[in-house]
Amino acid sequence: MKRTLTDRELLTELEGVAAREVDRHLSMAKEWHPHDYVPWDDGRNFAALGGVDWDPEQSALSDTAKAAMITNLLTEDNLPSYHREIAQHFSRDGAWGTWVGRWTAEENKHSVVMRDYLVVTRGVDPVALERARMDHMTAGFDPGDNGMLDSVSYVTFQELATRVSHRNTGKACGDPIADRMLARVAADENLHMMFYRNIVEAALDVAPDQAAAAICKVLTHFQMPGAGMANFRRNAVLIAKGGIYDLRQHLDEVVQPVLRKWKFFERTDFGPEGERHRDEIALFLDDLADKAVTFEEARDRALVRDARRAEQEATA
Ligand SMILES: [Fe+2]
Ligand SMILES: [Fe+2]
């Protein structure tokens, strides 16, 4: 049986892969500018500068789109917490340090463009948004007791989850400008996911049992990063009901494609520990599939109820 590698040893073992992945990322990433995605002509001053303050009537967004936009933006705002997490585990040396800097700079664009869009179009209350940002960033994100492999496994799934969520939020906004902006952000998240996913793939070769343990821990404890923000439960329900991010998408568009890419269930190099974690993941996925069906059935029933109620109100 192979000896357990320390985080330091893993970073050294995987440094070549990280360097290759940084190069691949830089060759694929396209330069873009947040100001090109915001309809500035729609903007006007607020009361402090002689204009009019925000009023709910001014928003063209549905409750679902508002909840998704706020949740996604606050998550992007919390970048310093995620930077801390990645920087601690990857170090500032060599390709790892290059990635940490570049990834952080790219992520920062996401909150810039989304906030500019929301403030200019008056999509949400800017005062409530700013207060929520202060609270959320002050509290920060506590990843718990994580090692390097836990951290990189988590961000693999999380980047892909945010990709799905941004993409569907764009559609839910009912505005081609928002759709285009969030498609752009989602494309970044996809490239980020590929970097982390390919690091984990290499880690599965270098330390299969350790990587399997990390993947198992992350999947069975997965929480979207918004947990802990104001109104998270209410917003999470709206987001799931609205088809922006639900269990089905989590399973079919996030978890399964990544496991397939890793050939996780076909690998033959696991020891007893790796096998045990793989079995645990298989059981977990069966359970998740059952829960997804239960959720979808409940959601369908609720949608029928809502439609009936709307009909009754219309004819009353
Ligand atoms: Fe992002
Ligand atoms: Fe990202």
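Residues numbered from 1 in each chain as written. Chains lettered and ligands numbered in written order. Predicted model: local features only at pLDDT ≥ 70, side-chain atom pairs only at ≥ 80, totals over all residues. Heavy atoms only, no water.

**Considering the overall build of the protein chain**
Counting secondary structure elements, the protein chain contains 11 helices and zero strands. Of the regular secondary structure in the protein chain, the N- to C-terminal order runs α-α-α-α-α-α-α-α-α-α-α. In terms of principal-axis extent, the alpha carbons of the protein chain reach across some 70 × 45 × 35 Å. Split into buried and exposed, the 316 residues of the protein chain put 48% on the buried side. Here the contacts in the protein chain between residues at least 6 apart in sequence split such that 84% fall between residues at least 24 apart. (Helix = DSSP H or I, 4+ residues; strand = E, 2+ residues; numbered from the N terminus. Buried < 20%, exposed > 50% of the residue type's maximum accessible area, 1.4 Å probe, protein only. Contact = heavy atoms within 4.5 Å.)

**Comments concerning the packing of aromatic side chains**
One pass over the full model with this rule turns up 13 aromatic pairs. Taken together, a centroid distance of 4.7 Å and an interplanar angle of 50° make the contact between F90 and W96 tilted. Comparing F90 with W96, the two get one shared label, buried. On the numbers, 5.5 Å between centres and 35° between planes, the contact of Y154 with F222 is tilted. (Phe/Tyr/Trp six-rings, centres within 6.5 Å; stacked < 30°, edge-to-face > 60°.)

**A look at the packing of helix α2 (residues 63–77) against helix α9 (residues 232–241)**
It is the contact of α2 with α9, at a shortest axis distance of 9 Å, that shows an interaxial angle of 125°. What the angle tells us is that α2 and α9 run oblique. Along this stretch, α2 crosses α9, giving a crossing that reads as left-handed. Here D63, T64, A67, A68 and T71 of α2 lie close against α9, whose contacting residues are F232, N235, L238 and I239. Residues belonging to the contact of α2 with α9 are distributed by class as follows: five nonpolar, three polar and one charged. (Axes fitted to C-alpha atoms, helices over the stretch in contact; angles between N-to-C directions. Parallel < 35°, antiparallel > 145°, perpendicular 65-115°, else oblique. Left-handed = near helix turned anticlockwise from the far one by under 90°. Nonpolar A, V, L, I, M, F, W, Y, C, P; charged D, E, K, R; others polar.)

**Examining the coordination of the iron ion (ligand 2)**
The protein atoms that coordinate the iron ion (ligand 2) are E107 (OE), E159 (OE), E159 (OE), E189 (OE) and H192 (ND1), at distances spanning 1.8 to 2.8 Å. One chain supplies every donor to the iron ion (ligand 2), and in sequence these donors are spaced E-x51-E-x29-E-x2-H. The two metals, the iron ion (ligand 2) and the iron ion (ligand 1), are separated by 3.8 Å and share E107 as a common coordinating residue. Of this pair, E189 and H192 both sit in helix α7 (residues 176–206), three residues apart, which is roughly one turn of the helix. Assessed through its relative accessible area of 0%, H192 is described here as buried. (Donors = N, O, S within 2.8 Å, 3.2 Å for Na, K, Ca; no water.)

**What about helix α10 (residues 247–261)?**
Taking 1.5 Å of rise per residue, 15 residues should cover 21 Å, and α10 covers 20 Å from first to last C-alpha, within 8% of that figure. A maximum bend of about 30° is found in α10 at V255, where proline P257 lies one to four positions downstream. Turning to α10, its buried residues are Q249, H250, L251, V254, V255, V258 and L259. Those residues of α10 hidden inside the fold are in contact with α6 (148–172), α7, α8 (208–220) and α11 (272–315). Within two residues after α10, K263 carries a phi angle of roughly 50°, on the positive side. (Expected span 1.5 Å × (residues − 1). Bend = angle between axes of the 7 residues up to and from the residue.)

**Brief notes about the coordination of the iron ion (ligand 1)**
Surrounding the iron ion (ligand 1) are the protein donor atoms E76 (OE), E76 (OE), E107 (OE), H110 (ND1) and E189 (OE), which sit 2.0 to 2.4 Å from the metal. Read in sequence order, the donor residues coordinating the iron ion (ligand 1) give the pattern E-x30-E-x2-H-x78-E. For E76, a relative accessible area of 7% corresponds to the buried category.

**Regarding the layout of surface pockets**
Of the voids in this model, the largest pocket is the one considered here, and its volume is about 830 Å³. Lining the largest pocket are 31 residues, with M224, F232, A236, Y245 and L247 positioned closest to its centre. If you list the elements that add at least two residues to the lining of the largest pocket, you get α2, α6, α8, α9, α10 and α11. Here the element with the most residues in the lining of the largest pocket is α9; it accounts for seven residues. Across the lining of the largest pocket, the residue classes break down as 15 nonpolar, 10 polar and six charged. Looking at the second largest pocket, its volume works out to about 350 Å³. In terms of lining residues, the second largest pocket is bounded by 19 residues, among which F141, P143, N146, Y154 and H221 are the most central. If you list the elements that add at least two residues to the lining of the second largest pocket, you get α3 (79–90), α6 and α8. With four residues, the single largest contributor to the lining of the second largest pocket is α6. (1 Å grid on protein atoms, 1.4 Å probe; cavity = no way out; pocket = protein on both sides within 12 Å on 5 of 7 lines; lining within 4 Å. Points joined across faces, edges and corners; volume = space filled by probe spheres on them.)

**What about the pattern of salt bridges?**
Tallied over the full model, the rule gives 20 salt bridges. R24 is paired through a salt bridge with E21; the nearest N and O atoms lie 2.8 Å apart. Residue R24 and its partner E21 are both found in helix α1 (residues 7–28); the two are separated by three residues, about one turn of the helix. As far as the burial class goes, R24 and E21 line up, both buried. When the shortest N-O distance is used, the salt bridge between E296 and R248 registers 3.1 Å. With a gap of 48 residues between them, E296 in helix α11 and R248 in helix α10 connect regions that are remote in the sequence. (Salt bridge = Lys/Arg side-chain N within 4 Å of Asp/Glu carboxyl O.)

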